[in-house]
Every structure is written in structure tokens, then in C-alpha cells.
Amino acid sequence: MGMKILMGCVCILPMMLIFYGIMYFEGKPKGNILFGVTLWQEAFEDEKIKQMQKLYKKRLLLINIMTIALFVAGCIPKRESISMSIFMMLILVIIIAYFIPFAIANRQLTSYKLTANQTNGTPVSGEKIAVDIKAVANREPVMFKKTGLAGMIAGIIPVILEIIIGTSSDMKGYNLLVVGVLSSVGIIMFCMLFVYSRMKTDIVSTDSAVNIQVTRVRNYQLSRMSVIFIWVNTIFTFYIWIRMWADYVKVTEIVIVSLIYVIIVMAAIIVAQIKIRKAEDKYKGEYISEADDDRYWLWGMVYYNKNDKSFMVNKRTGIGTTINMAKPAGKIMMAVVGIIVALSIIGSSIWMILLDFTPVSLTIEQGKLVSNQIGNEYTINLNAITKAELVDELPDMSKRVGTGMDTLYKGLWREKDGTDCQVCVRINGGCYIKIETVSGRYYLNDEDKSDTKELYDMLTDYIENK
Amino acid sequence: MLLTLDFSSDIPIYVQIRNEIVQAIGDGRLKDGERLPTVRALAAEAGINSMTVNKAYKMLKLEGYIITDRRNGAAVHLSKNEDNNMPEELEDKIGLVVAEVKAKGVTIDRLVAYIREIYGADNKDKEGEE
């Protein structure tokens, strides 16, 4: 139940609120653009368009209700694996569902614009772009380059230290992977500083000085956000690397620190985007752009322009930037992200159900104690066992690598006194065998309590007779 | 100075770039000596091929509206016409346009007022009087 509440409070509900907030603001006009459609000045007074905006908000609310209903439905099953699988699918649903009202509104408004323009006799181009020549000629250099570089290099230090003075050999690869992935986030964010400086200039006015200023504010805020991200990530990488050396780490501590990390990064992103939006609103005045590049925006959200060499462009509505899907890098990035998200959600759901429903077995075969679950987990030579003890409760321990479900503990765990132990037990309200061997400690059991007790008796007989 | 390019127009993009820059020089949005973006930067910003921008810049250079050098890129160049001579290559074009305007029934006063508007001559006269 704890895991369900944690998933709901930490993941599903915040995600729902974030998506609702983002899409709510996406529904507001930016300049003369609404739902990704370039409109004429008087259009915002048009009753039909006002009605479309109302309908959009209603649809968003409907998605909210649907998401909450699915979350409640996901809490009903008793087995954690089924609930978690439903939650995982719900994440996928949230990612897609919140964009549907926007896409519908975009289609409706595009066809309405076409009809209105045909009535007015206004030609619809959809392929008109505007460039501020003076702003392009006065492009700012990359901002915060030195601070970002220092942060990025500092973030690589744990990786180097892990390679040189790394922990025990069985964990070295895993530790290296974790700190490596974390420090690569810093490297990516450092590269983003160069991407920001090359992004298209913002056009919010016919006055080039204003456009230069707004673009400068945008680059400054985005670069500062990246540098904060780099340094927070570096501190987090150091923290994780240091805690890898600790004898005992509580999962809650890692969760809390990770949450703080995410909150700081999210706050930096939101603050930067709000300040950019404020600067645009402050300077833009009554300017209505002549540009109309609707044709390059699929569903008003996805930028697809084969002629444009830019990788990142400003979003038409709302805040932030988006990638050009016509660029090979854009396609690859989306394909990789899509595959990773789909595989991780579907794969982890199947994996959790398998872990939860596959019985744990413990047997003695040809002088060896064999623990099986999905595969062969542990094989211990009986001669290597020095002591066996039947315990009703598992000691206070934290997971290092493996599974820590409500119903199953598996993998490498560490006890509070700092002793590492190999675990493969079904949590069934008692009856676990604590086994001491020459190579380390194990906690094992069988799906059936009586079978576990029977096996324990056989083990003790064997040790006594040895 | 905003450069608006219409990809659905029949006018080639390099001609659109050339025309917009000439118009901006004419109405004073681009001043003598003002730096223009490099070919690569403008192409990247507009999302067009560098060759297209290069073609427009070459055309502008040939017509004497800009000067280019390898170190500083391109800059606006206003030619000093001390003799106040009408450039030969423009005479025919203006002649044709005036004929078209006349054929459409526009009066000479309206045409002159329009030309003065483009030149910004009314404002200059007013400033002179003050």
C-alpha cells in the first residue's frame, strides 16, 4: 500500500498536475497564435474561437477526471505488481492523453481559419517566416561557458575516482554505470549552452533592439538554468558516489535526496521559463507578426521543417523550446526516447508481474542448496555452509542491487551492521533461513512455509553430521 | 529590421531577400555601414540554404548596396550620388512603373505624394521648416 501511495503522491498526481498546467497554458494565445494556428488580429473577439477555447478547457478537465479514475482503479488490486503495471500504463496514457484536446482544437481552428480566410479573400500561406537581420548580426556568445565547464568537469570526478579507487569488484561495474549516467547528464546540459546560443532569435517587435534584448534574456535564463542543473547534478553525483561507500543506506534517504534534486531542477526550469515569458510580455507591445508558418507545425505542436537547419526552436505557444522533427537528430532522439519509454513501461510491467507471481523454491539437489525463482538464483555447496538459522523476521536491511517488493526481496542487500547478504525470499509473514557460508551470508526460503521448515531441518541435520 | 520570406510565393527566395534589404536601406531601417549577418548565420536563422543567401548577397554587392570583406562579413553601403544622376539601370524600371500607374488612372499628385512618402520627404521638409 505504501508503494501505491508513494507512486500516486510522487509520480502520478504531480505528473498529472504538471501536464494539466502545461497544457492549460498552451491553450492561451501567444501573440497572434492560438492552438498553434496563426490568426488575424480580430480573431480573438470571434465568438466561435472563444467557444473553442472554452471547449478545450472542458476537454482538459475531462482528461483530469479520467486520469484520477484510472489511478483509483489502479489502487484496487491487492497485488503490488498489478497496481504498479496499471500505474506504468497510466504514465503512458498521461503523456498522450493531455495532448489530444490541443490537437483537436488545432484541427478545428485550422479549418475555421481556412473558411474565414476564403470568405474574406485573404490568401493563406502557412509558409511565411520572419527573421530579424540586426538581431542575427548581433548574436551573443555562449553564456556561462566557464561556470558550466567547471561544473561538468567536477561531475566527472566521481567517475574517475570510481575507476581508480572503486569499491569491491562485484559492485564496481554497477557503481560505475550509476555515476557514469549521472555525470553524462552534466555533459549533455553543458552542450545545451551551445545549442541555446544558436537558437533562433525571438521576434516580439519590429524594433531590433527589443528583439535583441528579449533573445539575450532568453539565452541568459536558459543558460543559467543549465548551469544550475549542471552543478546540482554534480553535487547529486558526488552524494550518490559517497553513499555507495556507506555501510548502510536507508532507501527513504535516497528517495528524499532524489526528490530535492528533482525539485531544485524543476524549480530552475520553471523560474527560467516564467522569466522568459515575462520579458516577452513586457517588450512585445501590440506587435502582430506577419509570419505564418502553420504548415511546419503538425497538430500545432510538432515542428517539422525540412528546410530549417535549426535543431531547436522556440515553441509557438506556451513556454520552452522544441526540436525540429525533420532533422535526422530529431527523428533519432524521438525514436530513442519513444522506444526507451515504451520498452521500459511495458518491460518493467511484465517483469514486476513475473517477479510477483513466479514462486520461490528452495531445494537440495546433489549436495547443493538451490534457490530458484525466475531463473537459478543461488547454488550453495552444502559443505560450504557453516551455520543455518530459522528466523521469523528479516533484519533491518537496505537493498543494494535487486528487488524490494512487498512480496519479494531478491538480490544483494546490506544489513544495518554493514554486512552484505544475498537474498531470495518470499515475504510471507515469517519463516526465513539465515545461512552463513565461508563466502558470505544468505537469506533464503521457499514459497511454502512447511517446505522451508522441512528444508531447514534437513540442513541442520547435515551440518550436525558433517 | 524584419525580413519576411514567403516560401509559397512565386518570387525566388534570394530575390525576396534582396528586395527586402533594398527596401530597408531605402526607408532608413538599415543605415550606411550597418553590419549584416554572415551568410551562414542568416541561412541558419531563416532555415534556408547558404547558397540562396550567398546569391542574394552577391546580387546586392553587384548592385552596390552592400560591401563584403572576409573578416567583417557584409555591411550596408550607401553610394554617394553627388551629381544626382538617375542610375541608368533604374530609369527603364521607373519609366515602366510610372506608365503602369498612369494607365491605372492614378493622378500625378497622388504618385508624387506616394514617392515623397517612400522617401520620407514630408518629414524632412517639416523638420527643415521647424
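Given the structure is predicted, the values throughout are model-derived calculations rather than measurements. (Residues numbered from 1 in each chain as written. Chains lettered and ligands numbered in written order. Predicted model: local features only at pLDDT ≥ 70, side-chain atom pairs only at ≥ 80, totals over all residues. Heavy atoms only, no water.)

Overview of the overall build of chain A
Here's step 1: Summing up its helical and strand segments, chain A has eleven helices and 16 strands in all.
Here's step 2: For a compact globule of 466 residues, the expected C-alpha radius of gyration is about 23 Å, and chain A comes in at 29 Å, more than 25% above that figure.
Here's step 3: For chain A, the C-alpha atoms occupy an extent of roughly 100 × 50 × 30 Å along the three principal directions.
Here's step 4: Expressed as a percentage of the 466 residues in chain A, the buried residues total 47%.
Here's step 5: Long-range pairs, those at least 24 residues apart, make up 63% of the contacts in chain A between residues at least 6 apart in sequence.
Here's step 6: Surface exposure of chain A reaches about 23400 Å², of which carbon and sulfur atoms provide 66%. (Helix = DSSP H or I, 4+ residues; strand = E, 2+ residues; numbered from the N terminus. Rg over C-alpha atoms; globule rule 2.2 N^0.38 Å. Buried < 20%, exposed > 50% of the residue type's maximum accessible area, 1.4 Å probe, protein only. Contact = heavy atoms within 4.5 Å. Areas by Shrake-Rupley, 256 points an atom, 1.4 Å probe, with all protein chains shown as cover.)

A short note on the overall build of chain B
Here's step 1: Counting its regular elements, chain B contains six helices and four strands.
Here's step 2: Taken from the N to the C terminus, the helices and strands of chain B come in the order β-α-β-α-α-β-β-α-α-α.
Here's step 3: The principal-axis extent of the C-alpha atoms belonging to chain B is close to 45 × 35 × 25 Å.
Here's step 4: A burial count over chain B gives 28% of its 130 residues as buried.
Here's step 5: The contacts of chain B with a sequence gap of at least 6 include a subset with a gap of at least 24, amounting to 47%.
Here's step 6: Split by element, the accessible area of chain B, about 9200 Å² in all, is 53% carbon and sulfur.

Remarks on the domain arrangement of chain B
Here's step 1: Domain parsing of chain B yields domain 1 (13-76) and domain 2 (88-129).
Here's step 2: If you average the C-alpha positions of domain 1 of chain B and of domain 2 of chain B, the two centres end up 26 Å apart. (Domains from an automatic or database assignment.)

Re the packing of helix H1 (residues 13-26) of chain B against helix H3 (residues 50-62) of chain B
Residue and element names in this part refer to chain B.
Here's step 1: Following both chains from N to C, one finds H1 and H3 inclined at 45 degrees, their axes separated by 8 Å at the closest point. Relative to H3, the element H1 is oriented oblique. Every pair of crossing elements has a handedness; the one defined by H1 and H3 is right-handed. Every residue of H3 that contacts H1 at Ile 13, Tyr 14, Ile 17, Arg 18, Ile 21 and Val 22 is listed here: Thr 52, Val 53, Lys 55, Ala 56, Tyr 57, Met 59 and Leu 60.
Here's step 2: For the contact of H1 with H3, a count of residues per class yields ten nonpolar, one polar and two charged. (Axes fitted to C-alpha atoms, helices over the stretch in contact; angles between N-to-C directions. Parallel < 35°, antiparallel > 145°, perpendicular 65-115°, else oblique. Left-handed = near helix turned anticlockwise from the far one by under 90°. Nonpolar A, V, L, I, M, F, W, Y, C, P; charged D, E, K, R; others polar.)

Some remarks on the side chain of Arg414(A)
Residues and elements named next belong to chain A.
Here's step 1: By the element assignment, Arg 414 lies in strand E13 (residues 408-415).
Here's step 2: Given a relative accessible area of 9%, Arg 414 falls into the buried group.
Here's step 3: Only 2.7 Å separates the side chain of Arg 414 from the side chain of Asp 420, close enough to count as a polar contact. (Polar contact = N/O pair within 3.5 Å; in protein donor to acceptor, adjacent residues only side chain to side chain.)

A look at the layout of surface pockets
Residues and elements named next belong to chain B.
Here's step 1: Estimates place the volume of the second largest pocket at around 2100 Å³.
Here's step 2: Residue lining of the second largest pocket: 37 residues in total, with Val 22, Gly 26, Tyr 65, Leu 90 and Tyr 119 positioned closest to the centre.
Here's step 3: Here the element with the most residues in the lining of the second largest pocket is helix H4 (residues 88-103); it accounts for seven residues.
Here's step 4: Mapping the lining of the second largest pocket onto the domain boundaries places at least three of its residues in each of domain 1 (13-76) and domain 2 (88-129). (1 Å grid on protein atoms, 1.4 Å probe; cavity = no way out; pocket = protein on both sides within 12 Å on 5 of 7 lines; lining within 4 Å. Points joined across faces, edges and corners; volume = space filled by probe spheres on them.)

Overview of the sheet that holds strand E14 (residues 420-426) of chain A
Residue and element names in this part refer to chain A.
Here's step 1: Judged by pairing direction, the sheet is mixed, and its six strands sit side by side in the order E11-E15-E16-E14-E13-E12 without closing on themselves. Both edges of this open sheet fall to strand E11 (385-391) and strand E12 (397-404), since each of them pairs with a single strand only. Across the sheet, the mean angle separating the axes of adjacent strands is 20 degrees when strand polarity is ignored.
Here's step 2: In this structure, strand E15 (residues 432-437) lies alongside strand E16 (residues 440-444), joined through five bridges in antiparallel fashion. When the sheet's bridge partners are listed, Lys 434 is paired in E16 with Tyr 443. (Pairing = 2+ DSSP bridges.)

A closer look at the domain arrangement of chain A
Here's step 1: For chain A, the assigned domains are domain 1 (131-288) and domain 2 (361-465).
Here's step 2: Placing the centre of domain 1 of chain A and that of domain 2 of chain A at their C-alpha centroids yields a distance of 45 Å.

Observations regarding the sheet that holds strand E9 (residues 368-372) of chain A
Residues and elements named next belong to chain A.
Here's step 1: Strand order in the open sheet formed by three strands is E8-E9-E10, with antiparallel pairing between adjacent strands. Strands with a single pairing partner mark the edges of an open sheet, and in this sheet they are strand E8 (361-365) and strand E10 (376-381). Shown here is a sheet whose adjacent strand axes are inclined to one another by a mean of 20 degrees, direction ignored.
Here's step 2: As defined by bridge partners, E9 adjoins E10 across five bridges and the pair is classed as antiparallel. Considered in E10, the bridge of Asn 372 is made with Asn 376.
Here's step 3: Seen against the sheet, helix H11 (residues 449-465) touches E8 and E9 and runs at an angle of roughly 35 degrees to E8.

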